[in-house]
Amino acid sequence: HYPHLKHLGPDAQLEGGANDVLVLKRLLVEKFGFDPANITILSEAEGAKDGRKLPTFAGIKREVEAFVKRVPAKGQAFVMLSGHGSRQPEKPGFK
């Protein structure tokens, strides 16, 4: 769900991206043997349980930086970004 779009009504609450992530996690674990401990999901649902798991700029940046440190040299990694977005004006001094 997209809390900032509530004023647009229920049709604006696109859930495809959130479902895609859960289906892919299940596939990675059940079919390809990935360890669930090595899968990080940032989502509204995960963020409701732990605020650090919200898909904010800061959260995504933090997790990508941690991810880069965890993957060994010449190791393999998989990254999936799923969802819908909207453009926001850049704040002064944003880097």
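Residues numbered from 1 in each chain as written. Predicted model: local features only at pLDDT ≥ 70, side-chain atom pairs only at ≥ 80, totals over all residues. Heavy atoms only, no water.

### Quick word on the overall build of the protein chain
Each helix and strand counted, the protein chain has three helices and zero strands in total. Starting at the N terminus, the α and β elements of the protein chain follow one another as α-α-α. Contacts in the protein chain between residues far apart in sequence, at least 24 positions, make up 29% of those at least 6 positions apart. Counting only carbon and sulfur atoms, one obtains 58% of the accessible surface of the protein chain, whose full area is about 8,100 Å². (Helix = DSSP H or I, 4+ residues; strand = E, 2+ residues; numbered from the N terminus. Contact = heavy atoms within 4.5 Å. Areas by Shrake-Rupley, 256 points an atom, 1.4 Å probe, with all protein chains shown as cover.)

### A look at a nonpolar patch on the surface
Together, Leu27, Phe32, Phe34, Phe78 and Met80 give the surface a local cluster of nonpolar side chains, amounting to about 470 Å² of exposed area. Relative to the helices and strands, methionine 80 resides in the segment after helix 3 (57-70). A relative accessible area of 34% places methionine 80 in the partly exposed class. (Patch = residues over 30% accessible without salt bridge, like charges linked within 9 Å, V, L, I, M, F, W, Y side chains within 5 Å. Salt bridge = Lys/Arg side-chain N within 4 Å of Asp/Glu carboxyl O. Buried < 20%, exposed > 50% of the residue type's maximum accessible area, 1.4 Å probe, protein only.)

### Some remarks on the confidence of the model for the protein chain
Chain-level statistics for the protein chain give a pLDDT mean of 82 and a share of 77% at 70 or above. Here helix 1 (residues 16-30) stands out as the least confident element of the protein chain, with mean pLDDT 83; helix 3 is the most confident, with 92. (pLDDT = per-residue confidence, 0-100.)

### Brief notes about the pattern of salt bridges
Scanning the model with the defined rule gives four salt bridges in all. Salt-bridge contacts for lysine 49 lead to glutamate 46; the nearest nitrogen and oxygen are separated by 3.2 Å. With a gap of three residues between them, lysine 49 and glutamate 46 both fall in helix 2 (residues 44-49), about one helical turn apart. Judged by relative accessible area, lysine 49 falls into the exposed class, the value being 65%. We classify glutamate 46 as partly exposed; its relative accessible area is 25%.

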